[in-house]
Amino acid sequence: MQGSMLVHRGGEALMVAMMPERDARPAAHRCAGACARAARRGRANRWHACAGLPTDILAAPASEGTSMTEQHPTDSAAPAIAIATALAARSLGKRVKLPDGELVILDGVDFSVERGESVAVVGPSGSGKSTLLSLLAGLDVPSSGAVTIDGAPLSTLDEDGRARVRAARVGFVFQNFQLLPSLTALENVMLPLELRGDADAEGPARAILARVGLGERLGHYPRQLSGGEQQRVAVARAFVTGPSLLFADEPTGNLDTATGQAIIELLFALNQDAGTTLVLVTHDEHLAGRCRRTLRIEGGRLVADTRPAT
Ligand SMILES: Nc1ncnc2c1ncn2[C@@H]1O[C@H](COP(=O)(O)OP(=O)(O)OP(=O)(O)O)[C@@H](O)[C@H]1O
Ligand SMILES: [Mg+2]
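Computed from a prediction, not measured in an experiment: that's the story for all the values here.

Undergrad: What is the right way to look at the packing of helix α8 (residues 185-195) against helix α9 (residues 202-211) in this model?
TA: A pair of packed helices can be characterised by two numbers: the angle between their axes and the separation between those axes. One way to put it is that α8 packs onto α9 with a least axis distance of 9 Å and a crossing angle of 125°. Comparing their axes, α9 and α8 come out oblique. Between α8 and α9 lies a crossing whose hand is right-handed. Every residue of α9 that contacts α8 at A185, L186, V189, M190 and L193 is listed here: E202, P204, A205, R206, I208 and L209. Its residues assigned to classes, the contact of α8 with α9 comprises nine nonpolar, no polar and two charged.

Undergrad: Explain α8 here, please?
TA: An α-helical segment advances 3.6 residues per turn. Residues three or four places apart therefore align on the same side. Most of α8 sits inside the fold, with eleven of its eleven residues counted as buried. Along α8, the residues that are buried comprise A185, L186, E187, N188, V189, M190, L191, P192, L193, E194 and L195. Taken from the residues just after α8, G197 is the one with a positive phi, measuring 85°.

Undergrad: Looking at this structure, how should I read the site of ligand 1?
TA: Around ligand 1 there are 13 residues in total, and S125, G126, K129, S130 and T131 lie nearest to it. For the shell around ligand 1, the secondary structure elements donating two or more residues are β5 (101-114) and α6 (129-136). The element contributing the most residues to the shell around ligand 1 is α6, with three residues. A class-by-class count of the residues in the shell around ligand 1 yields three nonpolar, eight polar and two charged.

Undergrad: I would appreciate a short explanation of the sheet that holds strand β11 (residues 277-281) in the present structure.
TA: Paired through their backbone hydrogen bonds, the strands of a sheet run either parallel or antiparallel. The six strands are arranged β9-β10-β11-β6-β12-β13 in an open sheet whose pairing can be described as mixed. With one partner strand each, in any of the chains shown, β9 (170-173) and β13 (301-306) form the two edges of the open sheet. The sheet shows a mean angle of 15° between the axes of neighbouring strands, direction not considered. The pairing of strand β10 (residues 245-249) with β11 spans five bridges and is parallel. In the strand pairing of β11, D249 is matched with V281.

Cut-offs applied
Residues numbered from 1 in each chain as written. Chains lettered and ligands numbered in written order. Predicted model: local features only at pLDDT ≥ 70, side-chain atom pairs only at ≥ 80, totals over all residues. Axes fitted to C-alpha atoms, helices over the stretch in contact; angles between N-to-C directions. Helix = DSSP H or I, 4+ residues; strand = E, 2+ residues; numbered from the N terminus. Parallel < 35°, antiparallel > 145°, perpendicular 65-115°, else oblique. Left-handed = near helix turned anticlockwise from the far one by under 90°. Contact = placed C-beta atoms within 7 Å. Nonpolar A, V, L, I, M, F, W, Y, C, P; charged D, E, K, R; others polar. Buried ≥ 20, exposed ≤ 12 C-beta atoms within 10 Å, placed from the backbone. Near = placed C-beta within 6 Å. Pairing = 2+ DSSP bridges.

Here's what the structure looks like:
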C-alpha cells in the first residue's frame, strides 16, 4: 500500500503515490509546509513537489537554509578522524507497537562508514536491512540511538533539517523504486534537479538515462517500463544530483546479469570518480563482493562486519 504526495506541475496539482502507508503523513500537511515556504521565497520552479519524505530526498533548493558547513562546524573544523567519517550509527534501534505487543526490528546497531567506502548490507529477508537503510538516510526516525551523516546528527534536526541534509548529500534507490507514476522517465530524473533550482535539468537527466541504457525510453511512464527499466530510472534519479552518500536497496534485484553488471559498474565508477560513499543492501553476491566491506544483519542485529582481504 502506498502513501501519497502532491506534485505541482505548473498550475496542475498531481496526487501521486510515493511512500509505504506506514511512513506517509497527511499530504495536506506536507503541502501546506513546503508550498508555503516556496511561495514565501517567491520561487517559480516549473515543478514544485511537496512531501516530507522522498521528495526532499529528491532535492531541496540549494539556497534554502543554512549550509552544512555553517550548521555543522565539524565539517570544516573537526579533527581528521571525524572528517573521514561519512556515516555513523550509534546503538540504533527500531521498535514498532503492534496490537499483540512490540516488534523489535533493529536492536543496538553500531558502526561507522568512512568517506568513499563501499559497504554491502546483507542478511535474510525480514532481518531489518531496508529499515536500517531508511534510518541511515534519515527517511525514518529511530526508536533509540542516533545517526550522523557527515557530522550532522540527524536526531537533533527537525524534518526540514533532515531534508536539507538529504538534499545536499544523499541519493537513495528504493527497493520498490518509488517513481512518480504521473511523470515520464525523463521527468522523474529531472525532478531532483528542478527542485533544487538547476537551470539545466534536462541535459544531465538525458545523459544519465543514456548511461543506464534508457536513452530510448525517455518519454515512457513508469507503468510502460519493465521492472528492470524502472529500477534503472530509480538509479538514474539517485545519481543525477551527484550525492556524496548513495544508499541503494537491492539496486540489481530486478535486473538480468548483463544489466545488473552495468549498474554495478556505474555505482563503482561514482564511488571511484567522485569519492561517493556507497551503502548497498543486496542479496547479489557479485555486488557484495565488489564492496570493500560487508555488514551482516540477522534478526535486527549487526552480527558481522567483514572486509575481504585485498
Ligand atoms: N512499520 C512496520 N510495522 C510492522 N512491522 C514492520 C514495519 N517495518 C518493518 N517491519 C517488519 O520488520 C522486519 C524487517 O523489515 P525490513 O523491510 O527492514 O526487512 P529486509 O531485511 O529489508 O527484508 P527483505 O530482504 O525481504 O527486503 C520485517 O519482518 C517487517 O515485516
Ligand atoms: Mg528490504
